[in-house]
Every structure is written in structure tokens, then in C-alpha cells.
Amino acid sequence: MLKGKHIVLGITGSIAAYKACLIIRGLIKQGAEVQVVITPAGKEFITPITLSALTSKPVISEFFAQRDGTWHSHVDLGLWADAMLIAPATASTIGKMANGIADNMLITTYLSMKAPVFIAPAMDLDMYAHPSTQRNLETLKSYGNHIIEPGTGFLASHLEGKGRMEEPENIIKILDDYFK
Ligand SMILES: Cc1cc2nc3c(=O)[nH]c(=O)nc-3n(C[C@H](O)[C@H](O)[C@H](O)COP(=O)(O)O)c2cc1C
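What counts as what
- Residues numbered from 1 in each chain as written.
- Predicted model: local features only at pLDDT ≥ 70, side-chain atom pairs only at ≥ 80, totals over all residues.
- Core = buried A, V, L, I, M, F, W, Y, C linked by C-beta atoms within 7 Å.
- Buried ≥ 20, exposed ≤ 12 C-beta atoms within 10 Å, placed from the backbone.
- Helix = DSSP H or I, 4+ residues; strand = E, 2+ residues; numbered from the N terminus.
- Contact = placed C-beta atoms within 7 Å.
- Pairing = 2+ DSSP bridges.
- Axes fitted to C-alpha atoms, helices over the stretch in contact; angles between N-to-C directions.
- Parallel < 35°, antiparallel > 145°, perpendicular 65-115°, else oblique.
- Left-handed = near helix turned anticlockwise from the far one by under 90°.
- Arc of directions from axis to C-beta.

This part is about the nonpolar core. For soluble globular proteins, nonpolar side chains are generally found buried alongside one another. Core analysis: the biggest nonpolar cluster contains 50 residues, and Ile7, Leu9, Val36, Met84, Leu85, Ala87 and Ala120 have the highest contact counts within it. For this core, the leading source of residues is strand 3 (residues 83-89), giving six residues. What Met84 contacts, discounting residues up to four positions off in sequence, is Val8, Gly10, Tyr110, Met113, Ala115 and Val117.

Time to look at the pairing of strand 7 (residues 160-164). Pairing of strand 6 (residues 151-154) with strand 7, which is carried by four bridges, proceeds in the antiparallel orientation. Paired with Gly151 across the bridge in strand 7 is Arg164. As consecutive antiparallel partners, strand 6 and strand 7 are separated by five residues, and within that stretch His158 has a phi angle of approximately 75°, a positive value.

Another aspect to go through is the packing of helix 4 (residues 91-99) against helix 7 (residues 131-142). Where helix 4 meets helix 7, the closest approach of the two axes is 9 Å, and the angle between their N-to-C directions is 45°. The angle between helix 4 and helix 7 falls in the class oblique. In the packing of helix 4 onto helix 7, the handedness of the crossing is left-handed. Contact residues: helix 4 offers Ala91, Ile94, Gly95, Met97 and Ala98, while helix 7 offers Ser132, Thr133, Asn136, Leu137, Thr139 and Leu140.

Note that Gly42 resides in the loop between strand 2 (33-38) and helix 2 (48-55). Taking the C-alpha atoms as reference points, Gly42 and Met123, separated by 81 residues in sequence, lie 14 Å from one another.

Among the residues of helix 1 (residues 19-29), Lys19, Ala20, Ile23, Ile24 and Leu27 are the ones counted as buried. Each buried residue of helix 1 sits inside an arc of 150° when the element is viewed along its axis, so together they form one side. Among the structural elements, strand 1 (6-11), strand 2, helix 2, strand 3 and helix 8 (168-179) are those in contact with the buried residues of helix 1. Looking one or two places after helix 1, you find Gly31, whose phi comes out positive at around 95°.

Here is the structure:
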């Protein structure tokens, strides 16, 4: 059911950003078109060249990167998408989304989105358990967004607990089931 679907994939500055490559591969394998919007911090974790090679599209990131007066339209992206997926979603991005802090392309795209939005948090167990993170997730849920619960297990910090981003194949299945 993902065939022909337009997916905006938001990537943020989490150690789980490399898993976004597997999500892209899985979505494209099922016939979806993927447009990546990545935060400046996200690019510290994974390079735009990898993402654009996988999606066959330039990634979108900065508001003001071009010096020739052209810009990327977050409004057009909001109309193009059949779904937006933010995976991985950091505590910071979740907080900005919940509070409308539109200081990067990912958040402006989210605020302009007409399509359903899926959010896959990824962070350390204490960041995930923090009342501010939980409150922000509740707020996002109350706005009608779909939260893809993180799993419990071994984390990049070498600690164990809840905060691992859901596995790429399960995230793809959730999107696929939604369109079914
Ligand atoms: C090695 C490393 C790993 C990080 N992993 C995470 C993470 O998994 N989740 C998270 O919420 N923040 C993580 N951070 C912190 C974010 O990168 C930081 O809050 C950043 O400002 C997020 O920006 P963004 O949400 O705009 O991408 C990590 C930082 C470092 C240095």
C-alpha cells in the first residue's frame, strides 16, 4: 500500500539517524517516494550525500543555504506529502514540535503538514522518562499525531531502558498498515 505514496522523512540529531537509511530503503523498495528533511544537528550524524543517493533527491535542510534567492518551500512539501515520518525524533525536536518553535526546515514542514504525521522518538532512557518529554509527547498526541513508541533495550549510551527507536521494519509496517 506504500506504492506511489509521497513520504517526507524528517531526520534529527540522534545516534539512531543511521537507521533512517534502512527506513528509506524499505519505503523505496515498497514503491514510495521519499523526500528527506534533516535538521542541522542531524547532518552531524549522517551525511546528505548518503541520503540523497538513497532517495534520488537532494535533501532539504537549511532555510538560507542558497545564495541565489531561491528557497525550499515547506508549504509545498506539506501539500506534496501523503505522510510525514520523523525518525529518529530527538527530545529537542519533539519539544519544538509540541510548542511551535519553527526555527528549522523540519519544524516549519511539520507545522505546514496536511498529511498524517508519525513520530518515532529515540533517546536515552532518562531523557525519554523526563516529565517534559512525556508532556510534549502527550501534547503531540493530543494534536492527532501518531507516536511510535520506542522499545526497551540496550541504548547507545551503554545503558539499558526505554528509548530505543522502534526498528525500521516495524516503522515501515506501521505506515503500510495505516495506508491499508
Ligand atoms: C553522540 C550524541 C548522540 C545523541 N543522541 C541523541 C538521541 O538519541 N536523542 C536525543 O534526543 N538527543 C541526542 N543527542 C542530543 C541532540 O543531538 C541535540 O539535542 C540536538 O540539539 C538535537 O537537535 P535536533 O533535534 O534539531 O536535530 C545526542 C548528542 C550527541 C553528541
